[in-house]
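Structural overview
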Amino acid sequence: MFPADFDYERATSVDEAMDLLDDHADAEVEILAGGHSLVPAMKTEGRSPDVVVDLDVPALDAINALDDRTVVGALTTYADIADSRALRANAPLLAETAAEVGDLQIRNRGTIGGNLAEAHPGADPPAAVLASDATILLRHRDGKREVPATEFFRGDGETAVEYGELVTGVRVPHTGDAGVAYAKKTHPATGYAMVGAAAVVEVAEEAVSRARVAATGAVDRAVRLPSVEDALVGERLDSEAIDAAASEAHADIDSERLRSDPYASGEFRGELLETYVARALESAAERVAGNPPTA
Ligand SMILES: Cc1cc2nc3c(=O)[nH]c(=O)nc-3n(C[C@H](O)[C@H](O)[C@H](O)COP(=O)(O)OP(=O)(O)OC[C@H]3O[C@@H](n4cnc5c(N)ncnc54)[C@H](O)[C@@H]3O)c2cc1C
């Protein structure tokens with residue numbers, strides 16, 4: 001299938017991209033990052049922008065580690081995120097989640113900015129940025145804006161990005177001694193998460209002092225699971241506490257909201273949700289500093 005005709009523009013700096021978005025403020029514009037969602041959508045799903053702005057901005061393809069946080073540029077590919085020593089050392093959840101995205105071709109071309117802006121309900125990175133308490137960095141014509149991940153995802157394909165805005169990166173706090181993990185039931189054809197769960201768990205004096213848990217694939221957007229988090233805090237991080245906390249996922253996600261498609265019914269996704277939240281927590285527990293074995 002061929003896409004409908006469109007005008008092609010190329011931006012080599014963020015300022016140039018801003019100018020192009022401004023110039024075409026009355027048109028339907030799409031950003032071309034890795035192209036792994038946009039191009040298939042233009043070829044087979046009838047997405048037909050008037051203008052495509054190709055982002056060719058080296059400054060956005062960078063990972064900058066600071067004292068307590070790492071900033072990942074919007075054009076950074078999953079492969080570079082997965083291979084990043086800085087992220088593996090300081091914020092491993094995002095690196096490990098990026099390694100789980102699709103296949104090698106997707107990981108070599110797809111970008112974190114495109115992934116977050118596309119907000120596919122089964123995308124992997126949104127769960128990691130939510131559980132990491134990350135912040136999405138945006139540029140618009142008149143300046144910059146920062147949106148916490150918890151306020152970024154609004155629905156299937158819907159985010160806090162406003163018309164004429166560009167995602168420039170994501171700021172990920174370092175997780176220190178926390179145990180982190182991402183677990184997913186992979187869609188057999190595409191690699192997207194049927195359901196995925198990300199966990200960041202801190203333990204002090206043998207009890208959970210802080211937990212952040214997020215799920216993707218279950219409903220129309222990635223979400224935090226506050227009831228699961230609350231159920232863990234103050235508990236010894238053992239299998240019993242993990243199973244009890246995972247069962248609280250149903251308090252956060254009403255069964256009527258669960259996605260249902262030819263691959264998995266809502267009921268099955270509900271079962272996957274509890275199972276994969278527990279798996280992520282079990283793996284995080286094995287890695288958290290100072291936690292005794294969970295068995
Ligand atoms: C076969 C297949 C399997 C896949 N499997 C997975 C998977 O397992 N897990 C997963 O998470 N994803 C998966 N994906 C999606 C893939 O990760 C895409 O790369 C991602 O969703 C979009 O990133 P991109 O860089 O390719 O963006 P593009 O396709 O270039 O753009 C996507 C959308 O984001 C907008 N956009 C892009 N960059 C910006 C920006 N900087 N600022 C504002 N808007 C922007 C564009 O306008 C467009 O609407 C899969 C895709 C395919 C085709």
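This is a predicted model, so every value here is computed, not measured.

**Some thoughts on the overall build of the protein**
Along the protein, the regular secondary structure elements total 13 helices and 14 strands. Here the protein has a C-alpha radius of gyration of 19 Å; the compact-globule value for 295 residues is 19 Å, and the two agree. C-alpha atoms of the protein, sized along the principal axes, occupy 60 × 45 × 30 Å. Taking all 295 residues of the protein together, the buried fraction comes to 51%. Taking contacts inside the protein between residues at least 6 apart in sequence as the whole, the part at least 24 apart equals 62%. Taken as a whole, the protein presents about 13,500 Å² of accessible surface, with 44% of it coming from carbon and sulfur. Side chains of the protein carry 26 positive and 54 negative charges; the gap between the two charge centres is 3 Å.

**A few points about the nonpolar core**
Across soluble globular proteins, nonpolar side chains have a tendency to be buried as a group. Membership of the largest hydrophobic core comes to 39 residues, with the highest contact counts inside it found for Val72, Leu93, Leu94, Leu116, Val129, Phe152 and Val170. No other element matches helix 8 (residues 125–131), which puts five residues into this core. Each of domain 2 (61–173) and domain 3 (179–287) accounts for three or more of the residues forming this core. Membership of the second largest hydrophobic core comes to 36 residues, among which are Val195, Ala211, Ala215 and Val219.

**Things to note about the UniProt feature "domain: FAD-binding PCMH-type" (unreviewed entry) in the protein**
This chain's UniProt record puts "domain: FAD-binding PCMH-type" (unreviewed entry) on residues 1–177. Split by type, residues 1–177 is 34% helix and 27% strand. Its first and last C-alpha atoms lie 50 Å apart.

**Here's the deal with helix 11 (residues 239–247)**
For helix 11, the set of buried residues is Ala241, Ile242, Ala245 and Ala246. End-on, the buried residues of helix 11 take up no more than an arc of 130 degrees, which puts them together on one face.

**Notes on the environment of arginine 10**
Take arginine 10: it is sitting in strand 1 (residues 7–11). Accessibility expressed as a relative area gives 43% for arginine 10, which makes it partly exposed. Between the C-alpha atoms of arginine 10 and proline 148, which are 138 residues apart in sequence, the distance is 29 Å. Contacts of arginine 10, omitting those with residues within four sequence positions, involve Glu16, Leu20, Asp54 and Asp56. A polar atom in the side chain of arginine 10 sits 2.7 Å from the side chain of aspartate 56.

**Looking at the site of the ligand**
Neighbouring residues of the ligand: 31 residues in total, closest Glu30, Leu38, Tyr78, Thr111 and Gly191. Serine 37 places a polar side-chain atom, nitrogen or oxygen, 2.7 Å from an oxygen atom of the ligand. Contact distances for the ligand include 3.1 Å between an oxygen atom and a backbone N or O atom of tyrosine 192. Among the elements that line the shell around the ligand, the one with the most residues is helix 7 (residues 112–118), at four residues. A per-class count over the shell around the ligand returns 15 nonpolar, 11 polar and five charged.

**What about the environment of methionine 1?**
With respect to the helices and strands, the residue methionine 1 is situated in the segment before strand 1. For the pair methionine 1 and glutamate 267, spaced 266 residues apart in sequence, the C-alpha to C-alpha distance is 35 Å. Look past the residues within four positions of methionine 1 in its chain and what remains in contact with it is Lys43 and Thr44.

**Focus: the pairing of strand 13 (residues 207–216)**
Counted residue by residue, strand 13 has eight buried out of 10 residues, so it is predominantly covered. By the bridge criterion, nine bridges tie strand 12 (residues 193–204) to strand 13 in an arrangement that is antiparallel. Bridge pairing links alanine 204 to alanine 207 in strand 13. Hairpin geometry of strand 12 and strand 13 is characterised by an intervening segment of two residues between the two adjacent antiparallel strands and by a positive phi of about 50 degrees at glutamate 205.

**Section: the domain arrangement of the protein**
If you check the domain split of the protein, you get domain 1 (7–51), domain 2 (61–173) and domain 3 (179–287). The centre of domain 1, based on its C-alpha atoms, is set 19 Å off from the matching centre of domain 2. Summed over both sides, the interface between domain 1 and domain 2 buries roughly 1,200 Å², with carbon and sulfur atoms accounting for 62% of that surface. Along the contact surface separating domain 1 from domain 2 lie three salt bridges. Between aspartate 22 and arginine 141 there is a salt bridge, and its shortest N-O distance comes to 3.4 Å. Summed over the shared surface of domain 1 and domain 2, the result is five residue pairs in polar contact (both at pLDDT 80 or more).

**Focus: helix 13 (residues 266–287)**
Side chains three or four residues apart in an α-helix point the same way, a direct result of the helix having 3.6 residues per turn. Helix length check: helix 13, at 22 residues, gives a terminal C-alpha distance of 32 Å against a target of 32 Å (1.5 Å per residue), a fit within 8%. If you check which residues of helix 13 are buried, you get Gly266, Arg269, Gly270, Leu272, Leu273, Tyr276, Val277, Ala278, Ala280, Leu281, Ala284 and Ala285.

**Examining the sheet that holds strand 13**
An order of 11-12-13-14 is seen for the four strands of this open sheet, with the pairing classed as antiparallel. Since the sheet does not close on itself, it has two edges, and those belong to strand 11 (179–186) and strand 14 (223–224), each with one partner. Bridge analysis of strand 13 against strand 14 gives two bridges, and the strand direction is antiparallel. Each bridged residue has a counterpart across the sheet, and for alanine 215 the counterpart in strand 14 is valine 223. Along the sheet, helix 13 contacts strand 11, strand 12 and strand 13; its crossing angle with strand 12, the most-contacted strand, is approximately 35 degrees.

Scoring rules and cut-offs
Residues numbered from 1 in each chain as written. Predicted model: local features only at pLDDT ≥ 70, side-chain atom pairs only at ≥ 80, totals over all residues. Heavy atoms only, no water. Helix = DSSP H or I, 4+ residues; strand = E, 2+ residues; numbered from the N terminus. Rg over C-alpha atoms; globule rule 2.2 N^0.38 Å. Buried < 20%, exposed > 50% of the residue type's maximum accessible area, 1.4 Å probe, protein only. Contact = heavy atoms within 4.5 Å. Areas by Shrake-Rupley, 256 points an atom, 1.4 Å probe, with all protein chains shown as cover. Lys, Arg positive; Asp, Glu negative; His and termini not counted. Charge placed at Lys NZ, Arg CZ, Asp CG, Glu CD. Core = buried A, V, L, I, M, F, W, Y, C linked by side-chain atoms within 4.5 Å. Domains from an automatic or database assignment. UniProt positions renumbered as here; feature names shortened; annotations may be inferred. Arc of directions from axis to C-beta. Polar contact = N/O pair within 3.5 Å; in protein donor to acceptor, adjacent residues only side chain to side chain. Near = heavy atom within 4 Å. Nonpolar A, V, L, I, M, F, W, Y, C, P; charged D, E, K, R; others polar. Pairing = 2+ DSSP bridges. Buried area = accessible area lost by both parts, 1.4 Å probe. Salt bridge = Lys/Arg side-chain N within 4 Å of Asp/Glu carboxyl O. Expected span 1.5 Å × (residues − 1). Axes fitted to C-alpha atoms, helices over the stretch in contact; angles between N-to-C directions.

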